[in-house]
Amino acid sequence: MISPKLTRRGLFAATGGALILAACSDDSTESSDTKPSTGDSTGDTPGSGAEQAGGTEPYEVVVAISRDPEQLDPHKTGDNAEFIWNNVYEPLYRRSVDGSEVLPLLAAELPTQIDDTTWEIPLNPDARFASGDPVTAADVAYTIESIVHNDLVLSIGDRLEGIASAEAVDDLTVRMTTKTVDPIFLSRLTYGLIVQEGQREVEGWPQSGHNGSGAYTFDSWEPGSQVHLTRRDDYWGEDVSAAPSTVVVRIIPDKATQLLSLENNELDIVPELSPDQARTAPVSARVSGTDSTLIRTNTLNGRPLATPELREAGSLAIDRQAIVDVLFEGDATVAECQIAPATEFGHTVGLGEAEYDPDRARELVAEFYDGTPLSFIAGAGFSPKHSDVAQAVAQNLQDVGFNIDLQITDSREVLAAQFGSKDGFADLLLWTTNAELFEAIQSMQWVRGDHGFSAVQNDVVDAAVAEVLSTTDVAARQAAYDTINRTTCEEHLNYYLYYLDDFYGISEDIAWTPRAEGWIILKDIRPA
Amino acid sequence: MLQVFVKRTFRGLVLAFVAVNLVFFVVHVIGDPVGRSLPLDATPEQYAARAESLGFDRPLWEQYTDYVGDVARLDFGDSISTQAPAMGSVLTRFPRTFLLVGVGMGLTALIGIPTGVILATTKRRWVDRLGNSLTLTALSVPQFWLGILLILVFSLKLGWFPTSGIGGWKHVVLPSIALAIGPLGKTIQITQVTLRDELQKPYIRTARAKGLSEGRVLYHALRNAGVAVATVFSHETILALAGYTVLVETVFAWPGIGSLIAEAISNLDIPLTSAVVVAVLLVVVVANSLVDIMYRRLDPRIARGLK
Amino acid sequence: MASAILGLMIFAAVFGPTLVPDAGRITLRDRLIEPVGFGGTWKHPLGTDGLGRDILAGIVAGARVSLAVGFGAAIVAALIGVPLGLIAGYRGGRIDRAIGWLVDFQLAFPALLTVLMIAAYVQAGIVPLILTIGVVSWILFARFARAFALSARESDYVAAAQLAGSSTFKILRRHLLPNMLSPFLLLMLLQVSGAVLGEAGLSFLGLGITRPETSWGLMIADGREFLRTAWWVVVLPGAALSITILALHEISRTSGGAIGILESEA
């Protein structure tokens, strides 16, 4: 019933773009022309003409999420409720809708790099909290410091972990230092939501006393049922009078129920759908290629898949095209033999799709397989259709002669073992990660790095991963990515399955374009 | 009377004590509440920090005594997963389940008892047959499946009612029908059978011979059959209040106590689980006492027998 | 009629794997085929589900799980309840009071809480389900056996046996058990239907049987997603479940006596 979501969607979405921006931020004149107040106007739905209508009738929008927000602290909340806080509070920067650009929000312009690890950020003088107080450098420094130096585990913590300190230079300038040269500094700042200085010490926080600079106020939360947000008419930024006046976020644990409610016009936005599910919605929307699904093989000594021929047999056995055609009704893409599709930085040209040849697989199995059962673990709540994909792949593998012991689970104990000690590793693990390579590498690092051993068991890949994480040189990073992609593909260390867009079901009453990082920014919604 | 209440209260307390021990045991011995509240890729340091902040690094006996002490003061603390006071969640969820059960059991009584009376007194074979098949069907159809069929027909095809959630009266209709189906079958059955038995007893013949109207006769028979009917009916009501609504609540995304039990337990949320379990037990004990009182009203023989 | 249905289900449960060897077989390209009469072919008489699995084969495989859990749990419940009840009724006194207290206790503690707690932490499967459902449903058997032992204690044949110097155990075994057989079997049927429903419900919630195994409750849960476009995925397994329960109820009803047991439950 409870679906832990493992993908950290949008964590460092489109870092390639961010990297380039960061690299040329010294002469950021053309970027800094971007007026902060229009920072989000790219989010407007092309078809929505409602904006010029000005003051539209007040209306309510209902959004479905699968689980409770879990935490009322905007810095502790889980993936699924992150968007709620992104409407109540605001970060320094926010991406454009398609994710390709980082635009100033509470900041006035892009950061200026002082030296390798020091950055200065000018703030927007117009920005105001709901209380009417201006957003000052002291507030920003307080927020960042309280996140990076907090003993509690904050969900946001690892996103900002490259930052060493933040201090106010004057009222409207913040100086931040990073621990090392940080290629994704700017991307990190699209996370930390700015709270007012002293917010954490307010009596009753976080149950009450929310005071954000966002276009919505947090009204109430009934655990297990719904969250209510109300539009602020005194929002400091652009005119939001055409945005929904009230928003209800309904907690509906079950995807089937969400779909039925959407079909019955009880909901306006349902995120995280599979393409066929989205098709049943009155209106469906997609945002391109954020998720990449693959199977990690366990090549540890003594396990059957340490044998290269058996790894190859496994890869040959999987009918990726059928999965894409049938389960996703053609609206996914068979993966090239690497995590990232061609649109992402770090993609290696010319690797092609993995081969499908069950007959050859059968021969290899007959020759090399001793019948040891292969454990295959898939988390049901990872991404749309995970459970179905796992069962289909297990069938493919059984058909060529493997003995598969499939476990589909949402048990956190079982899944955590896949990221913990190698004793808990399954022979096959189905998982979904962001297709953007830097994030994928970070995920791969969980799989191999934190606990002092390599799950990949391949020196070439390990060295290249280390290289990627420690250099800012674009060409060197591309070369390292090429090595990772080529090796994991040719050695069949991972079975890359498909790239899946994010699909949303939307009612006919509203016009809204989904965003690359997956947040629903409510002030961008317009009546249809 | 007083003695019975003292006894009941004592039993309720013992029950609650055993229950909270069970919660503690299950969560600590079998589960890993710290891991549950962390991201999957948490490092051992993060784990240790979280364990400390939640107090799970202390010796087990110390945690146990603290826990039992807090629960004894009805202080369940904040839910681990929502950080909201655990009792608060229980108090918002319970009324919703009360509503569902109230409407559902109301339907059951309004339809079930008259139908049972008709079936017990009818002389027409086809009515009897039809009634019996309907009763049997009601007894056999699983609530959650019926709920889905109701959604298919009345929400998706006809568009009369919403598919899920809470809101106006329309939201209550389908889930309470789904909830009522099993109790309805049982109520019809027990009414029919006991009333039929009762109508064959000598006192009824005597009453008829004395020239009492058929309505008066039926009234007397029904009064005597009442205990059995009330027993089945109240048993079903108490079961529903004890969280057996979980299936219907899941199908209709109804945020009541049943789904809270399931969520709390699967999140290894000790404060929330304890609060829910104690609250449910409390409701069950109180409901059982009410049923006792009702029996005394219905059938003075019981009250006398107990003295 | 009811016996025929139950017989068919038991037959399916026992011989199903031989009749439909490929029960869980996934063929993606055969996804969501309609049943015969609604556009489908005899290759899949009842159509297929979202992964191209044959519904008929799934129902047959589900019968095995349902009835295994149903009968298994009833037997476990009887194994706990009948001895306790017999001893309580036959010996009376302190033992009776102790067991009575246990019954009261179990009655007041909602079985659902116990079942959910166990289900949340124990890896689901047929055996854990049998044990869990069995352990929480022994009360009826205990009450039934106690009532039986109480009445039998007063009866002539037991008195005669006592006079002849038979041991308590021997009396229980020789004289009581055989006499309670037929009402006992009826009670079993009721318990089986309860356990079948319990298994379906738990599997529906994701706390019972999980994929890649199959069960009726699980099939219903999986099919909800296609409710509008492919009704058969939800409707047919639910119908199989309902018919099975119906058959169990009908048998115990027509055989009489079951109502008496129902009343004694209350």
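Attention here is on the structure that accompanies the text. (Residues numbered from 1 in each chain as written. Chains lettered and ligands numbered in written order. Predicted model: local features only at pLDDT ≥ 70, side-chain atom pairs only at ≥ 80, totals over all residues. Heavy atoms only, no water.)

Turning to the overall build of chain B, a few remarks are in order. Looking only at helices and strands, chain B features 14 helices and zero strands. Helices and strands appear in chain B in the N-to-C order α-α-α-α-α-α-α-α-α-α-α-α-α-α. Dimensions of chain B along its principal axes, counting C-alpha atoms only, are 85 × 60 × 30 Å. The long-range share in chain B, meaning contacts at least 24 apart out of those at least 6 apart in sequence, stands at 72%. Here chain B displays about 14,100 Å² of accessible surface, and carbon together with sulfur accounts for 67% of that area. Of note, chain B has its 28 positive side-chain charges centred 23 Å away from the centre of its 20 negative side-chain charges. (Helix = DSSP H or I, 4+ residues; strand = E, 2+ residues; numbered from the N terminus. Contact = heavy atoms within 4.5 Å. Areas by Shrake-Rupley, 256 points an atom, 1.4 Å probe, with all protein chains shown as cover. Lys, Arg positive; Asp, Glu negative; His and termini not counted. Charge placed at Lys NZ, Arg CZ, Asp CG, Glu CD.)

Of regular secondary structure, chain C possesses twelve helices and zero strands. Ordered by position from the N terminus, the helices and strands of chain C form the series α-α-α-α-α-α-α-α-α-α-α-α. Expressed as lengths along the three principal axes of its C-alpha atoms, the size of chain C is roughly 75 × 40 × 30 Å. Of all 266 residues assigned to chain C, the portion counted as buried reaches 55%. (Buried < 20%, exposed > 50% of the residue type's maximum accessible area, 1.4 Å probe, protein only.)

Turning our attention to the interface of chain C and chain B. It is common to give the size of an interface as the accessible area that goes away when the parts come together. Counting from both sides, the interface comprises 39 residues of chain C and, opposite them, 49 residues of chain B. Surface buried jointly by chain C and chain B totals about 4,000 Å² across both partners, of which 80% is contributed by carbon and sulfur atoms. A per-residue breakdown of the area chain C buries against chain B is headed by C:Leu112, C:Met117 and C:Tyr121, which together make up 17% of the total. The interface formed by chain C and chain B contains zero salt bridges. The interface formed by chain C and chain B includes four residue pairs in polar contact (both at pLDDT 80 or more). At the level of elements, helix 3 (93-108), helix 4 (111-121), helix 9 (181-205), helix 11 (232-254) and helix 12 (258-265) of chain C are the ones that each hand at least two residues to the side of chain C that touches chain B. It is helix 11 of chain C that provides the largest number of residues to the side of chain C that touches chain B, a total of eleven residues. Partitioning the side of chain C that touches chain B into residue classes produces 28 nonpolar, four polar and seven charged. (Buried area = accessible area lost by both parts, 1.4 Å probe. Salt bridge = Lys/Arg side-chain N within 4 Å of Asp/Glu carboxyl O. Polar contact = N/O pair within 3.5 Å; in protein donor to acceptor, adjacent residues only side chain to side chain. Nonpolar A, V, L, I, M, F, W, Y, C, P; charged D, E, K, R; others polar.)

A few words on the packing of helix 3 of chain C against helix 6 (residues 139-153) of chain C. All names here are of chain C. Contact geometry of helix 3 with helix 6 gives a least axis separation of 10 Å together with a crossing angle of 145°. As for the relative orientation of helix 3 and helix 6, their crossing is left-handed in sense. The segment helix 3 lies against helix 6, with Asp96, Val103, Gln106 and Leu107 engaging Ile139, Ala142, Arg143 and Arg146. Residue composition of the contact of helix 3 with helix 6, grouped by class: four nonpolar, one polar and three charged. (Axes fitted to C-alpha atoms, helices over the stretch in contact; angles between N-to-C directions. Left-handed = near helix turned anticlockwise from the far one by under 90°.)

Residue and element names in this part refer to chain A. Taking 1.5 Å per residue, twelve residues should reach 16 Å; helix 4 (residues 137-148) reaches 16 Å between its end C-alpha atoms and fits that length. Most of helix 4 sits out of view: nine of its twelve residues are buried. Within helix 4, burial applies to Ala137, Asp139, Val140, Ala141, Tyr142, Thr143, Ile144, Ser146 and Ile147. (Expected span 1.5 Å × (residues − 1).)

Before going further, it helps to spend a moment on the sheet that holds strand 7 (residues 173-178) of chain A. Residue and element names in this part refer to chain A. Overall, antiparallel pairing links the four strands, which are arranged 4-5-7-6 in an open sheet. Edge strands, defined here as strands with exactly one partner in the open sheet, are strand 4 (112-115) and strand 6 (163-170). The average angle at which neighbouring strand axes cross in this sheet is 25°, direction not considered. Of the strand pairs in this sheet, strand 4 and strand 5 (residues 118-122) are connected by three bridges, and their pairing is antiparallel. When the sheet's bridge partners are listed, Asp115 is paired in strand 5 with Thr118. Helix 4 contacts strand 6 and strand 7 of the sheet and is inclined by roughly 165° relative to strand 6. (Pairing = 2+ DSSP bridges.)

Residues and elements named next belong to chain A. The residue Asp427 is located in the loop between helix 12 (412-417) and strand 16 (428-434) in this model. The buried category is assigned to Asp427, whose relative accessible area is 0%. A polar contact of 2.6 Å, which involves the side chain of Asp427, links it to the side chain of Arg303. Ignoring any residue separated from it by four or fewer positions in sequence, one finds Asp427 in contact with Arg296, Thr297, Asn298, Arg303, Pro304, Leu305, Pro373, Leu374 and Ser375.

Here the focus is the packing of aromatic side chains. All names here are of chain A. All told, the structure shown has 16 aromatic pairs over all chains when counted by the stated rule. On the numbers, 5.7 Å between centres and 50° between planes, the contact of Tyr235 with Trp236 is tilted. The pair Tyr235 / Trp236 is uniform in exposure class, with both members buried. Where Tyr504 meets Trp512, the ring centres are 5.2 Å apart and the plane angle is 80°; that geometry is what we call edge-to-face. Pairwise contacts between aromatic rings join Trp85, Tyr89 and Phe218 into one cluster. The side chain of Arg296 reaches across the aromatic face of Phe425, ending 3.9 Å from its centre. (Phe/Tyr/Trp six-rings, centres within 6.5 Å; stacked < 30°, edge-to-face > 60°. Lys NZ or Arg CZ within 6 Å of the ring centre and 35° of its normal.)

On to the packing of helix 9 (residues 202-209) of chain B against helix 10 (residues 214-244) of chain B, then. All names here are of chain B. Contact geometry of helix 9 with helix 10 gives a least axis separation of 10 Å together with a crossing angle of 160°. Relative to helix 10, the element helix 9 is oriented roughly antiparallel. Both helix 9 and helix 10 take part in a crossing whose hand is right-handed. Together, Tyr203, Ile204, Ala207 and Arg208 of helix 9 and Glu214, Val217, His220, Ala221 and Asn224 of helix 10 make up the contact between the two elements. Residue composition of the contact of helix 9 with helix 10, by class: five nonpolar, two polar and two charged. (Parallel < 35°, antiparallel > 145°, perpendicular 65-115°, else oblique.)

Residue and element names in this part refer to chain A. When you tally the buried positions in strand 11 (residues 269-273), you get four out of five residues, the bulk of the element. Note: strand 11 against strand 17 (residues 494-506), three bridges, orientation antiparallel. By the bridge assignment, Ile269 is partnered in strand 17 with Ile506.

On the secondary structure map, B:Phe161 appears in the loop between helix 7 (143-157) and helix 8 (170-199). It is 27 Å that separates the C-alpha atoms of B:Phe161 and B:Pro114, two residues lying 47 residues apart in sequence. Every residue in contact with B:Phe161, bar those within four places of it in the chain, is listed here: A:Asn264, B:Phe154, B:Ser155, B:Trp169, B:Lys170, B:Val173 and B:Leu174.

It is possible for side chains bearing opposite charge to pair when their charged atoms get close. Residue and element names in this part refer to chain A. In the structure shown here, the tally under the stated rule is 32 salt bridges over all chains. Linking Lys385 and Asp276 is a salt bridge whose minimum nitrogen-to-oxygen distance equals 3.0 Å. Linking Lys385 in the loop between strand 14 (374-379) and helix 11 (386-399) with Asp276 in helix 7 (residues 275-279), this pair joins segments that are 109 residues apart in sequence. Classification of Lys385 by relative accessible area gives buried; the value is 10%. A relative accessible area of 8% means that Asp276 is categorised as buried.

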